[in-house]
Amino acid sequence: MSRPSKLTPLKTIGHPTARIDAVERVTGKATYTGDVHLPGMLYARVLRSPHAHARIRQIDASKALALAGVKFVLTHENCSVVWGAGSISGGRQYVDDIKKITRHKRYLFNNPVRFFGEPVAAVAATNRHLAEEAVRLINVDYEVLPFVLDQEAALRPESVKIWPEGNLSPTAKNEMEPEVYRRGNVEEGFRTADFVFEDRYTTTYVHNAQMEPRLCVAGWEGDKLTLYTPTQGTSNCRHDMARDLGIPDEKVRVICKYMGGGFGNKNQNQDADLIAAVLAKETGAPVKLELSRKEDFIGVHGRWPTTQYYKVGVSRDGVLQALQLRGYSGMGPYRKNTGGIGGIELYQCPNVESVTYPVYTNRAVSGNYRAPEFPQGFFGIESMMDDVAYKMKMDPVEFVLKNMTRKSDDEVPYTNYTLEECIRRGAEAFEWKKRWHPPGADPGPIKRGVGMAFMALRSPTGQSSAVIRLDSNGRYTVFVGVTDIGAGAKTTMALIAAEALGVPLSNIEIVWGDTDRCPYSVGESGSRTTDMTGYAVIEAAHDLKRQIAAKGLPKGDNVLIASASPNPTSEGKVRKAFGAHFVEVEVDTELGRVRVLKYLAVQDSGRILNPLTATSQVKGGATQGIGMALHEDLLYDRQTGQPLTTGYYGTRIMTHLDAPEIEVIFIESDDGYGPFGAKCIGEAGIVHAVAAVGNAVFNAIGRRMKDLPITRDKILGALV
Amino acid sequence: MAVIHDVMPAFELFQPPTVDDAVRLLGQYREDAWVMAGGLDTFDWLKDRIKRPKVVVDLSQVRELSGIREANGGLEIGATTTLTEVVRHPVIRGKYGILSTGAEAAASPQIRNQGTIGGNVSQDTRCWYYRAGWPCYRAGGNTCFADTPTAINREHAILGADRCVAVNPSDSAPALIALDAKFVIRTPKGERVVDAEDYFIGPGTDITRMNILRPGDLLTAIRLPADWAGAKFYFEKVRDRNVWDFPLMNVASAMVITGGKIERIRLAVNAAAARPLRLAAVEDAVRGKEPNAATGEIAGRLAVQGARPLRFNAYKIPLMRNLVKRAIGGVEQAAWA
């Protein structure tokens, strides 16, 4: 890691700092949801659909209920709770008004069931073995229906209609229309372009594969629900639960102290949370529901698979004239997210048209996974542009420098702009000119090749809250509604507080992960916590310093309490983080094997608050991107619509031996926004990693791999 | 798979202290008994309720089954010796390095610490249809779900298929065949010793089993004869990931080179068919020739004769051709681990 920084150094911020809770974690003292045991707690298990699409004629749970110790069985017949975050028109996740009008609602238990693994019934029993045995004894009579797995095929007239209106998922206004963006006139652009290129790229469903599967413990005291659950956003989860259960927010307490990662798999509330809460209500006892790894793979969500058609017009000197995308995103049978395909915005071009169809299929549901709409779209468009550069006989880096974005949508300035510096510095450090060769030029059989890809990623400012209490012992207690999904939010908040207050880190105590104790926080999604809640901590610190200046330090039993709920904007400007990845691979053309030899990530995430955790974020993202590029896939049987490769082994997620050494260079900047100029980083490492690896494979073998993942069979198939 | 299981089912557990006790139990319970060594293959089957034995005979307490000893100038490896012990054993590393390499290619360090050599050679196929409990030929049904026009079968067989197209996933098996290892089996009638390649069977022999063990039988040891000690070895495995992955294919060869020519050779591949294949015709074709790229080419082409690809595994044909080529003629650039 290196940091060629021009910024004025700060006292606490910007130095490699171990997590403040590291010792608790590594000594087993940290309490995860799985460690929660409440007196009289029942255990729940879920019966899931063995069909990709089927109507339930009848459910007979009498044998299950006859078992001693089985307390309750929930099915669509006795539970009509709507899971608002499970399906929403337009995929606009946090908008209650749209949830109210959403046409394709998702119940906790649906009939018909629309994907293999969809919950059909849930059992609460006095122990796990009994719950599992009871699930086996539930008899369900299904009428099996036709199904469709592929997002493009699902729009064909002959495909089964998963919803009465068809398989195009409606917009936020319930209109059966694709998502469209236009500027200029693409037809005109293609007519005047000297060259026009067209191609098709596909990406697959990959799962977040976080260490800890979804689980929860729910208990009621009177009319108040306490939910222990690993969530990437305690405030959002509380609100989701309250809305879905029809109770006020203050009647729900969400606790998430420690969790085993999320990568977007744990945003909002999950059906498991609601199932446990309803079972706890029905039985009058706390209920624990833990998903197994296999259930987590098909029962929650992963990244949406896409089919992307590009048409690109360029002038003789390699300048983009027109850029068109027609894309299809497979959302599963419920709309949990937008299904957007990012990437068009990376390029400067007068004529642009992007038409994206979010499509219902009978696969596992698609949703958030670290930069939800970007790695798949960036792979498509940056592969396409790499290919255009090749066909124009241009060095891909030169092509990018000529055509990359300079203003948001070619119109609105960025708060600062370091993309060119990221690319130039990266090319220099990587020795791009020395390593790059014409595609396929290495004689082999083990061929080397290099590739690059770049990114600009939203880094918005926005609303969040923080409270700081100072006592007479000089103890600063910072109340923030964050949870630590692995990125180190607790430590980051403490660093920000210490810096803003001008006190040692050891004087700061963080209270987090509990909606009854902490104010609203934006949630650990969209790489926003540091930017938004971190900013609120600074504002609260300023408030406290003003109070100290006015009243002096607290004495005896007195305390000072400061708070802030800022909602800053970057008016008239767009705030983005920038970066570029450079990759060298070795492809064994006789065995189809790809090995990443060298990986350089250059990243501008503004000021780096903690170089230790920031570097890990970039490396972790790139590592997941390599897996998505080279081997991760959830394969489905086409006769039955059953997934075949659930779990860590089946889906081939990355292992330590697959992860290369990744070098990180931070280009630090301070655009005047965010906490001390920090911009987003959590998602920034993955978004262009997939494309960079794909482009390196192309440079090695001279064949373009257009369908993810780039497995040995595809490489050998292309070379035969 | 309507029920996704997360806890073990109930079964009767026996932990016999001696081979005699184990064999007696297996003879008593026959089809109802399940032999468990390291448990790596066992636990998935049991937890998923795909295999539902009444009795599990756990071999972990049988001391005489574990360990590596010198015998008749060669070595005898107890069946429950862990893969890690096999990988690290100095004599295996020194004289039979191909077995060390093959065993180390299996799974992950944690799994090799628990998994045994007997279990590795006796494990069941990874066919995802069979593993998920589909009622296929191998499970006693009357169809193969992996061999339909739309089936997902990139990991399946290109050779020796007979109704079932599953492959054997062992990494140590081809190394043992190349070393001309002998497998020692205790049956209710006494002890039996078979050549490594005869331990494994294809669907044409018995579609529900992958080796010759019948209910009541127990693999007790694997013997490495001295004949191939210190030969020129080659082992290579191709998989999607660099660790914790079964082979898409692997190859193992042992050659004795005299006067620049191949005097003796044994060659095997696995994950090409339901049993690890000893390529005797290739051995015959290259004997007496120089172990170079040209000979490798001939060997590779001959090896894949008769191969029949399924919809998604045609790549296995060039893969096998190239692996065999390398096993004879080496690789132009050093292969990486």
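Residues numbered from 1 in each chain as written. Chains lettered and ligands numbered in written order. Predicted model: local features only at pLDDT ≥ 70, side-chain atom pairs only at ≥ 80, totals over all residues. Heavy atoms only, no water.

### Comments concerning helix α9 (residues 375–391) of chain A
Every α-helix carries 3.6 residues per turn, so stepping three or four residues along brings you back to the same face. Residues and elements named next belong to chain A. Between the first and last C-alpha of α9 there are 24 Å, a value that for 17 residues agrees with the 24 Å anticipated at 1.5 Å per step. Counting buried positions along α9 yields 15 of 17 residues, so the element is predominantly enclosed. K393, located one to two residues past α9, shows a positive phi value of around 55 degrees. (Helix = DSSP H or I, 4+ residues; strand = E, 2+ residues; numbered from the N terminus. Expected span 1.5 Å × (residues − 1). Buried < 20%, exposed > 50% of the residue type's maximum accessible area, 1.4 Å probe, protein only.)

### Concerning the interface of chain B and chain A
Chain B puts 46 residues into the contact, and the matching count from chain A is 45 residues. Where chain B abuts chain A, roughly 4,700 Å² becomes buried across the two surfaces, and 56% of that area is made up of carbon and sulfur atoms. Remark: the boundary between chain B and chain A carries 11 salt bridges. Across the pair D6 of chain B and R128 of chain A runs a salt bridge whose closest N-O atoms are separated by 2.7 Å. Our enumeration of links across chain B and chain A arrives at 23 residue pairs in polar contact (both at pLDDT 80 or more). Listed by contribution, the elements that provide at least two residues to the side of chain B that touches chain A are α8 (128–131), β9 (232–238) and α13 (316–329) of chain B. Here the residues of the side of chain B that touches chain A sort into 23 nonpolar, 6 polar and 17 charged. (Contact = heavy atoms within 4.5 Å. Buried area = accessible area lost by both parts, 1.4 Å probe. Salt bridge = Lys/Arg side-chain N within 4 Å of Asp/Glu carboxyl O. Polar contact = N/O pair within 3.5 Å; in protein donor to acceptor, adjacent residues only side chain to side chain. Nonpolar A, V, L, I, M, F, W, Y, C, P; charged D, E, K, R; others polar.)

### Brief notes about empty space enclosed by the protein
Residues and elements named next belong to chain B. Evaluated as defined, the whole model comprises 5 cavities of 30 Å³ or more. In this structure, the largest cavity spans a volume of roughly 120 Å³. The wall of the largest cavity is formed by 14 residues, among which R126, C127, E155, V167 and P247 lie closest to the centre. Class assignment of the residues belonging to the lining of the largest cavity gives a composition of 9 nonpolar, 2 polar and 3 charged. (1 Å grid on protein atoms, 1.4 Å probe; cavity = no way out; pocket = protein on both sides within 12 Å on 5 of 7 lines; lining within 4 Å. Points joined across faces, edges and corners; volume = space filled by probe spheres on them.)

### Some remarks on the confidence of the model for chain B
With 97% of its residues at a pLDDT of 70 or more, chain B shows a mean pLDDT of 96. Here the predicted complex carries an ipTM of 0.95, next to a pTM of 0.97. (pLDDT = per-residue confidence, 0-100.)

### Concerning the sheet that holds strand β4 (residues 68–71) of chain B
Residues and elements named next belong to chain B. Overall, antiparallel pairing links the 5 strands, which are arranged β4-β5-β8-β6-β7 in an open sheet. Of all strands in the sheet, those with a lone pairing partner are β4 and β7 (190–195), marking the two edges. Across the sheet, the mean angle separating the axes of adjacent strands is 25 degrees when strand polarity is ignored. In this structure, strand β6 (residues 182–187) lies alongside strand β8 (residues 218–224), joined through 5 bridges in antiparallel fashion. Each bridged residue has a counterpart across the sheet, and for I185 the counterpart in β8 is L219. Along the sheet, helix α1 (residues 19–29) makes contact with β6 and β8, crossing β8 at roughly 135 degrees. (Pairing = 2+ DSSP bridges. Axes fitted to C-alpha atoms, helices over the stretch in contact; angles between N-to-C directions.)

### Observations concerning the packing of aromatic side chains
Residues and elements named next belong to chain A. For the coordinates displayed, the defined rule picks out 28 aromatic pairs over all chains. Judged by centre distance (5.8 Å) and plane angle (80 degrees), the ring pair of Y258 and W512 falls under edge-to-face. In this pair, Y258 is assigned in the loop between β10 (252–255) and α7 (271–283) and W512 in the loop between β18 (508–511) and α14 (529–551), connecting sequence segments 254 residues apart. Of the two residues, Y258 and W512, neither departs from the other in class, the shared state being buried. A centroid spacing of 6.0 Å and a plane angle of 70 degrees characterise the contact between W432 and F582, whose relative ring orientation is edge-to-face. (Phe/Tyr/Trp six-rings, centres within 6.5 Å; stacked < 30°, edge-to-face > 60°.)

### Some remarks on the domain arrangement of chain A
All names here are of chain A. As assigned here, chain A comprises domain 1 (22–27 + 462–564), domain 2 (33–145 + 215–290) and domain 3 (302–460 + 572–719). The straight-line distance from the C-alpha centre of domain 1 to that of domain 3 is 35 Å. Taken together, both faces of the contact between domain 1 and domain 3 bury some 1,200 Å²; the carbon and sulfur share is 63%. When the buried area of domain 1 at its contact with domain 3 is split by residue, A487, S527 and D531 rank highest and sum to 40% of it. At the boundary of domain 1 and domain 3, one finds 1 salt bridge. The salt bridge partner of R575 is D531, with a shortest N-O separation of 3.0 Å. Counting every contact that joins domain 1 to domain 3 gives 3 residue pairs in polar contact (both at pLDDT 80 or more). Put simply, the parts of the chain that give the side of domain 1 that touches domain 3 at least two residues each are α13 (489–501) and α14. Grouping the constituent residues of the side of domain 1 that touches domain 3 by class yields 7 nonpolar, 8 polar and 2 charged. (Domains from an automatic or database assignment.)

### Re the domain arrangement of chain B
All names here are of chain B. Segmentation of chain B into domains returns domain 1 (9–58) and domain 2 (68–337). Taking only C-alpha atoms into account, the centre of domain 1 sits 25 Å from that of domain 2. Contact with domain 1, which involves 17 residues of that partner, is made by 19 residues of domain 2. Where domain 1 abuts domain 2, roughly 1,500 Å² becomes buried across the two surfaces, and 63% of that area is made up of carbon and sulfur atoms.

### Side note on the side chain of K490 of chain A
Residues and elements named next belong to chain A. Structurally, K490 can be placed in helix α13. Separated by 3.1 Å, the side chains of K490 and D21 make a polar contact. Discounting residues that sit within four places of it in the chain, K490 has contacts with I20, D21, Y258, D484, I510 and W512.

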